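Architecture at a glance
What follows is the residue order along each chain.
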Amino acid sequence: MKPKQLNRWTRQAGLAAVTLTTALVFAVGAEANPDLLTQARDAINAGRSEEALSQLNQMETPANANSYHRLRGRAYHNLGRTPEAIVEYQKALAVNPKDAWSMNNLGLIYLQLGQHENALPPLARAIEIRTDEAVMHNNLGVALERSGYLLEARDCYANAAAVDPTHPTAAANLVRVEARTPEAGAEPADLAGLADQFEAEISDWQAPESASSGETEPQDSEDTAALTDETQDQK
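A few points on the structure.

A word on the packing of aromatic side chains. According to the stated counting rule, one finds 1 aromatic pair in the structure shown. Each ring, one from Phe-198 and one from Trp-205, has its centre 5.8 Å from the other, and the planes form 85°; the classification is edge-to-face. Each member of the pair Phe-198 and Trp-205 is classed as buried.

And the structure:
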């Protein structure tokens, strides 16, 4: 099974904007005030996403472009401005292709849009990078279950519950999916192939000069919050 292609407006807008912005990041390289990033994150966590965007707009192209774009994605996401949120997460990934939280957030958007198969590649890649995040295992389980991959969904929910026994929905999700009967002859999900597919997609978003050295920035564990009884995200 191959996931459905992303909406044309997402791919076209995202590719053009990501290429332009990543080129500017490396051309300008202006230093950002880390306090502004912290203030913006605090504002988003407090539900003040418009204020956060205003703070982020005060910055020139930041050195910490990965966090900058991920925070902008969170703010747009909270405000219901989905196209802009997708583009910002793509920009974050173009700077740091191992940003598992941006992958998680992108997958969450597709789940919320009902594009469950489109959610699979970023979430499959995210759990390769962050095997210890119950949130990501649970979100991938939701995407798999809604795409008809019940056995794989069961495994993801079990992993989420094992990583974090206090996770608010993983145990209930596991009980629910175990009560369902998989279709006879259903093909298994190729999670490794889906993750590889997403890696290739990220490379399409990168300007040549923005290619990552392979080092991973520390991820921000503060950027996690519940949205529904089935999915969680780094908002």
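What follows continues from the structure just given.
To continue, consider helix H7 (residues 116–129). Taking 1.5 Å per residue, 14 residues should reach 20 Å; H7 reaches 21 Å between its end C-alpha atoms and fits that length. At Pro-122, H7 shows its largest kink, close to 25°. When you tally the buried positions in H7, you get 10 out of 14 residues, the bulk of the element. What H7 keeps buried is the set Asn-118, Ala-119, Leu-120, Pro-121, Pro-122, Leu-123, Ala-124, Arg-125, Ala-126 and Ile-127. Those residues of H7 that are buried lie in contact with helix H6 (100–112), helix H8 (134–146) and helix H11 (191–205).

The angle between the axes and the distance between the axes are what describe a pair of packed helices. One can describe the packing of helix H4 (residues 65–78) onto H6 by two numbers: an axis separation of 10 Å at closest approach and a directional angle of 20°. One finds that H4 runs roughly parallel with respect to H6. Remark: the crossing between H4 and H6 carries left-handed chirality. Of the residues in H6, those in contact with Arg-70, Arg-74 and His-77 of H4 are Trp-101, Ser-102, Asn-105, Leu-108, Ile-109 and Gln-112.

Thresholds applied
Residues numbered from 1 in each chain as written. Predicted model: local features only at pLDDT ≥ 70, side-chain atom pairs only at ≥ 80, totals over all residues. Heavy atoms only, no water. Phe/Tyr/Trp six-rings, centres within 6.5 Å; stacked < 30°, edge-to-face > 60°. Buried < 20%, exposed > 50% of the residue type's maximum accessible area, 1.4 Å probe, protein only. Helix = DSSP H or I, 4+ residues; strand = E, 2+ residues; numbered from the N terminus. Expected span 1.5 Å × (residues − 1). Bend = angle between axes of the 7 residues up to and from the residue. Contact = heavy atoms within 4.5 Å. Axes fitted to C-alpha atoms, helices over the stretch in contact; angles between N-to-C directions. Parallel < 35°, antiparallel > 145°, perpendicular 65-115°, else oblique. Left-handed = near helix turned anticlockwise from the far one by under 90°.

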